Amino acid sequence: MPELHPQPEADHTAPAPVGHRTVGTVTVDNPKIAARDVNVFYGEKHAIKHVDIDIGINEVIAFIGPSGCGKSTFLRCLNRMNDTIDGCRVEGAITLDGQDIYDRELDVVQLRARVGMVFQKPNPFPKSIYDNVAYGPRIHGMASSRSELDDLVQWSLEKAGLWNEVKDRLQQPGTGLSGGQQQRLCIARAIAVSPEVILMDEPCSALDPIATAKIEELIDELRENYSIVIVTHSMQQAARVSQRTAYFHLGDLIEVGETEQIFTNPVHKLTEGYITGRFG
Amino acid sequence: MSVSTDGHTVKRFDQQLASLRSLVLEMGGLVEDQINRAVQALQDEDIAAAREVVARDHVVNGFDVRADEEVVNLLALRQPVGSDLRMVLSMAKTVTDLERIGDEAQKIARMVTQIYDGNSAPNARLLRDVANMARLAANMLHGALDALARMDVDKAVEIACGDEELDSEFQSALRRLVTFMMEDPRTIGHAIDVLFMIKALERIGDHSKNIAEYVVYLVKGKDVRHVTIETLAAQGRNGS
């Protein structure tokens, strides 16, 4: 098992200045998630370096940066997906509604219900469409009757914009859907357990522009109820869907700002170089 | 992976941006020449030269259309962001102002043909302010284009702040024209022609100021249109 979050010895009453290495404002009022001085190591490799950032309520924040910059690694810290990787060590403090998510007492399964995740490749379970969505609510005991579960499945599929396309074939396998439909099925599965935060790791990179547009529209709608963190290689997508953008570079969080500012007038020259395509 | 200082990974993008920029600067040079020739025609009482200026405005308009096409292509095909976006936008706006400056130069040339077409030449006193304002306006345009070519914020701020001088020259010239007209109503015809000319020169100053302001936006990402002169001046040497 990886080494989990040693309790910091530093004096908590005098925290280090927040975001001291990052350009822009990393904090928000009433953060949903607050990460402070987060470091991630894969063995000897220092993959994430002293990252401070807040995730706000009802916001979409995009993480951008070149491959290997650590954006996915950091994303996976937010619901402890890195726990499953041998040799991965996470240091620093990450809180969800003020509660330390690396607390030893914390139930990781509960955490991942509150902080859901959608992956790059749609990964429906080899089960029916219905069972894919019902899986989470069943293990979390969220429905007391079959009809309650039916309602929850329908609500989730409607929310994910998939209901009309699948309502007549709920018992067919989820893997039989198109790529875009499978991804929306995965989103329906994620929201079926009433998460508060949804992490998306390049959710559209395997999809065509039409399916991408549907997912982006969905992200915009979901923002009303959830906080969404999206990792994307498409800068246009980051610009379209997010309100804030964070730029990572070789494990450092270089710049955070309003998306409009990042794409019209980035402050840091690395950010400017990346978004304008000036990387050699 | 490192930031490249010599341009985009996609070289064609650099070429397109550079070509837009040089097209705009070339247009700027042409428009500058239009003003100078119109004013020279006034001084030389040369109707033929003035007609040439009028005729050449379609070349200016051609630049306007070509530059707009390049802007649309860049936006559609490259989706520029950051400093590239600011470059494309400021070029698009500069082109519009240059086209209008071209129109003002054409207006002056038209007035020249009108003034010297009649029986009586205008009193030299009436024309004195035109020469003076023309010098100021041409300097402003030249300075704004210079600042654009060198991406020089300090120069741009200096030019934008200098528009006040031209504006006050216009006000004084206007007062003098009114005095002439009251003294001798026979000058009214020519005085009105001169009024149109100095108004055109005043507008050239305004457009040049706009171009200088786009340079500040292009380089620093700050929109300094419609701000006080103090705020504008603060963008210069010591401004952040």
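Residues numbered from 1 in each chain as written. Chains lettered and ligands numbered in written order. Predicted model: local features only at pLDDT ≥ 70, side-chain atom pairs only at ≥ 80, totals over all residues. Heavy atoms only, no water.

A. Layout of the overall build of chain B. A count of helical and extended segments in chain B gives 7 helices and 0 strands. The N-to-C order of helical and strand elements in chain B reads α-α-α-α-α-α-α. Each principal axis of the C-alpha distribution contributes one length, and for chain B these read about 75 × 40 × 20 Å. The buried share among the 240 residues of chain B stands at 48%. For chain B, restricting intrachain contacts to residue pairs at least 6 apart in sequence, the fraction spanning at least 24 positions comes to 80%. Per element, the accessible surface of chain B, about 11,400 Å² overall, is 51% carbon and sulfur. (Helix = DSSP H or I, 4+ residues; strand = E, 2+ residues; numbered from the N terminus. Buried < 20%, exposed > 50% of the residue type's maximum accessible area, 1.4 Å probe, protein only. Contact = heavy atoms within 4.5 Å. Areas by Shrake-Rupley, 256 points an atom, 1.4 Å probe, with all protein chains shown as cover.)

B. Quick look at the packing of aromatic side chains. Following the criterion strictly, the structure yields 5 aromatic pairs over all chains and no others. For the pair Phe 63 of chain A and Phe 74 of chain A, a centre-to-centre distance of 5.7 Å together with 45° between the ring planes defines the contact as tilted. A residue pair is termed long-range when its members are at least 10 positions apart, and Phe 63 of chain A in strand S3 (residues 60–64) and Phe 74 of chain A in helix H1 (residues 71–77) qualify at 11 residues. Through pairs of rings, three or more aromatic residues link up here, namely Phe 63, Phe 74 and Phe 248 of chain A. The ring of Phe 41 of chain A carries Arg 89 of chain A above its face, with NZ or CZ at 4.2 Å from the centroid. Lying across the ring of Phe 63 of chain B, Arg 66 of chain B places its NZ or CZ 5.4 Å from the centre. (Phe/Tyr/Trp six-rings, centres within 6.5 Å; stacked < 30°, edge-to-face > 60°. Lys NZ or Arg CZ within 6 Å of the ring centre and 35° of its normal.)

C. Representation of the nonpolar core. Residues Leu 42, Leu 98, Ile 101, Leu 141, Val 194, Ile 198 and Leu 201 of chain B are the most contacted members of the largest nonpolar core, which totals 73 residues. Contributions of two or more residues to this core are made by helix H1 (11–44), helix H2 (47–78), helix H3 (82–117), helix H4 (124–150), helix H5 (153–183) and helix H6 (188–220) of chain B. It is H3 of chain B that provides the largest number of residues to this core, a total of 14 residues. Once residues lying within four places of it in the same chain are set aside, the contact partners of Leu 201 of chain B are Ile 108, Val 130, Met 133, Ala 134, Ala 137 and Leu 166 of chain B. Listed in part, the 47 residues of the second largest apolar core include Met 200, Ile 215 and Tyr 247 of chain A together with Val 81 of chain B. (Core = buried A, V, L, I, M, F, W, Y, C linked by side-chain atoms within 4.5 Å.)

D. Just the pairing of strand S1 (residues 33–42) of chain A, in detail. All names here are of chain A. Taking burial as the measure, the 10 residues of S1 include 7 buried ones, the bulk of the element. Where S1 and strand S2 (residues 45–55) come together, 7 bridges link them in antiparallel fashion. What sits directly across from Ala 34, in S2, is Asp 54. In this structure, the hairpin formed by S1 and S2 is closed by a connection of 2 residues, where Gly 43 is found at a positive phi of approximately 60°. Pairing geometry for S1 and strand S4 (residues 88–96), over 8 bridges, is antiparallel. (Pairing = 2+ DSSP bridges.)

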